[in-house]
Amino acid sequence: MNQNTKKVSLFEKLVYGSGQIGMNVMYTLFSSYVLLFYTDVVGINPAMIGGVILASKIFDGISDLIAGQLIDTHKSEKGHCIPVLARWSIPMVFSVVLVFMVPNASIAVRLLFVFITYNLFNTVLYTYTCMAYGTLPTYVTNDPIDRGQMMIYAMLFAGATQTVMASTISPMIEFFGGMNQQSAWIKSCLVFGVIGLIFLLANVWIVKERVDNPKPPENILAGVKYAVSNKYWWITLAMCMATNVCLMFNLSISVYYLQNVVGNMGLMGAFVACSNLPGVVLMMIMPSMLKKISKQKMFIIGCVIMLAANVAFIIGPSDSVPLLLGTALVRGIGFGFPMGLNNAMVADCVDYGEWKNGIRVQSPLFSANSVSQKVGQGLLTSLFGFFLTAISYDGLKEVQAASTIAGINYFFKWIPLIMTIIMIICGVFFDLEKKMPQILEDLEKRRGSAEI
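In this report, the structure presented in the accompanying data block is examined. Remember, predicted model here, so these are calculated numbers, not experimental data.

Considering helix H11 (residues 321-357)
Point 1. With 37 residues, H11 should cover 54 Å at 1.5 Å per step; its first-to-last C-alpha distance of 52 Å lies within 8% of that length.
Point 2. Helix geometry: H11 is bent most strongly at Asn-342, by close to 40°.
Point 3. The buried fraction of H11 is high, at 28 of 37 residues.
Point 4. For H11, the capping residue at the N-terminal end is Ser-320, with a side-chain oxygen 3.2 Å from the backbone nitrogen of Leu-323.

This is how it looks when you write it as structure tokens:
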């Protein structure tokens, strides 16, 4: 491979984007419903689940850095990322099925099983596969516009997949036997997993790596050193974490809110559609907008729209379905910008890091989004698990106490507001884009000199 800057076809960009179907059919089922499955189907105390998930986060962040290092320093004739997708996509599907196969045993055995299967999927196999998929555009092209468009198409497919999943998970589980039947969850997971594999393998067959990393760091400590010395990496880390916490509220905490506060789980599909579809539509035109409006401006505009919707949701009545769906729709419009731009902004950090340090560290830097996604989801899930226990939530009860319902309402309304404010602050400080023309010019000169 060489430093080929040939334009990437629209078809290849769309195929890459469709890979998010493969990643999201499994991860949406896992991240949205795993806590509900543990508490309401298996009957495990939410604080215990929170403790297991919190302990798992110790390994989670480390595994992202190891995965990134392995991808950057190992390659075959197919490249760095494609071989990982080819070898590990199928094992990843089976590992997420195992998550839902908690045995009918003592609480100690069940918690041990949860810890092992949770980490096998989330910490090991999903991490490695997701890191390869997320890093792939930086090995496909050096062109920042093409690269950014590939990542926006990926987020477009991600949002669409999450929306479809929100409307189909419950009917699928009911079709196979009902929400209280563990076998129904396992069968549903298998169906979604097979569908996802088709799109991941399409990336293996069609997407081509054209760009190599000429100077990967020799070991993981060196890779981490270059990553943490990149100030914009820290900004994108916080930015991605806050964004992913907001996403998890739409997909996960909303299950408890709709079930207990609103009293209508049937609204799940409509709520997620309002939260995600505006962003999906927006991301269809966002690639063309990159040539006219900076990523930073689009990011901040989107966050301000989210902030206004969050405030309106907080001050309005909790029993108003039109307010719930209306503010979700407006928030979804704003959320499309940060969700679509996160990976593209991380990609700029790769160029900045090479310009600053002389070393191109790709996968460890892309761990910003992967780490933030999983750590944000894990910390939110564990925190919410502890919170549910503190407000006396009992997943096996038909109706929760009034104080429990009030606690869920408070949690669901205020945490997204705090995350949105953090996102705005991060967006203000991410001023890298205006420096990129000079950075790219300098890098081109360095690469030209190195080839002489």
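Still more to cover.
Focus on the packing of helix H1 (residues 10-41) against helix H8 (residues 231-262)
Point 1. Packing of H1 against H8 brings their axes to within 8 Å, and their N-to-C directions diverge by 30°. Relative to H8, the crossing made by H1 is right-handed. From H1, Thr-28, Ser-31, Ser-32, Tyr-33, Leu-35, Leu-36, Thr-39 and Asp-40 reach across to H8, where they touch Met-248, Leu-251, Ser-252, Val-255, Tyr-256 and Gln-259.
Point 2. Classifying every residue of the contact of H1 with H8 gives seven nonpolar, six polar and one charged.

Some details on the packing of helix H10 (residues 295-315) against helix H13 (residues 402-429)
Point 1. At their nearest, the axes of H10 and H13 sit 9 Å apart, and the two run at 160° to each other. The orientation of H10 relative to H13 falls into the category roughly antiparallel. Every pair of crossing elements has a handedness; the one defined by H10 and H13 is left-handed. Together, Gln-296, Phe-299, Ile-300, Cys-303, Val-304, Met-306, Leu-307, Asn-310, Val-311, Phe-313 and Ile-314 of H10 and Phe-412, Lys-413, Trp-414, Pro-416, Leu-417, Thr-420, Ile-421, Met-423, Ile-424, Gly-427 and Val-428 of H13 make up the contact between the two elements.
Point 2. Taken together, the residues of the contact of H10 with H13 sort by class into 17 nonpolar, four polar and one charged.

A short note on the packing of aromatic side chains
Point 1. Evaluated as defined, the whole model comprises 25 aromatic pairs.
Point 2. Each ring, one from Phe-175 and one from Phe-176, has its centre 5.2 Å from the other, and the planes form 75°; the classification is edge-to-face.
Point 3. Given a relative accessible area of 66%, Phe-175 falls into the exposed group.
Point 4. Taken together through their ring pairs, the aromatic side chains of Phe-249, Tyr-256, Tyr-257, Phe-271, Phe-313, Phe-384, Phe-387, Tyr-393, Phe-411 and Phe-412 make up a single cluster.
Point 5. The ring of Phe-313 has Arg-331 lying over it, and the distance from NZ or CZ to the ring centre is 5.8 Å.
Point 6. Directly above the ring of Phe-313 sits Lys-413, whose terminal nitrogen or CZ lies 5.2 Å from the centroid.

Considering the pattern of salt bridges
Point 1. Taken as a whole and judged by the stated rule, the model has seven salt bridges.
Point 2. A salt bridge links Asp-146 to Lys-13; the nearest nitrogen and oxygen atoms lie 2.9 Å apart. Here Asp-146, found in helix H5 (residues 144-175), pairs with Lys-13, found in helix H1; they are 133 residues apart in sequence, far enough to count as distant. For the pair shown, Asp-146 and Lys-13 are each scored as buried.
Point 3. Residue Lys-295 pairs with Asp-348 through a salt bridge whose shortest N-O separation is 3.0 Å. In this pair, Lys-295 sits in helix H10 while Asp-348 sits in helix H11, placing the two residues 53 residues apart along the sequence.
Point 4. Look at the salt bridges and you will find they share partners, linking Arg-147, Lys-295, Asp-348, Asp-351 and Glu-433 into a network.

Notes on unusual backbone geometry
Trans is the common state for peptide bonds, and a negative phi is the common state for residues other than glycine.
Point 1. The phi dihedral of Ser-392 is positive, around 65°, even though this residue is not glycine.
Point 2. Taking the relative accessible area as the measure of exposure, Ser-392 reaches 52% and is therefore exposed.

Details of the state of the cysteines
Point 1. With the rule as written, the count across this model stands at zero disulfides.
Point 2. For Cys-81, which is in no disulfide, the shortest distance to another cysteine sulfur is to Cys-130 and amounts to 11 Å.
Point 3. Using a relative accessible area of 0% as the deciding quantity, one classes Cys-81 as buried.
Point 4. Not engaged in a disulfide, the cysteine Cys-349 finds its nearest cysteine sulfur in Cys-240; these two sulfurs lie 8.7 Å apart.
Point 5. A relative accessible area of 0% places Cys-349 in the buried class.

What counts and what doesn't
Residues numbered from 1 in each chain as written. Predicted model: local features only at pLDDT ≥ 70, side-chain atom pairs only at ≥ 80, totals over all residues. Heavy atoms only, no water. Helix = DSSP H or I, 4+ residues; strand = E, 2+ residues; numbered from the N terminus. Expected span 1.5 Å × (residues − 1). Bend = angle between axes of the 7 residues up to and from the residue. Buried < 20%, exposed > 50% of the residue type's maximum accessible area, 1.4 Å probe, protein only. Polar contact = N/O pair within 3.5 Å; in protein donor to acceptor, adjacent residues only side chain to side chain. Axes fitted to C-alpha atoms, helices over the stretch in contact; angles between N-to-C directions. Left-handed = near helix turned anticlockwise from the far one by under 90°. Contact = heavy atoms within 4.5 Å. Nonpolar A, V, L, I, M, F, W, Y, C, P; charged D, E, K, R; others polar. Parallel < 35°, antiparallel > 145°, perpendicular 65-115°, else oblique. Phe/Tyr/Trp six-rings, centres within 6.5 Å; stacked < 30°, edge-to-face > 60°. Lys NZ or Arg CZ within 6 Å of the ring centre and 35° of its normal. Salt bridge = Lys/Arg side-chain N within 4 Å of Asp/Glu carboxyl O. Disulfide = S-S within 2.5 Å.

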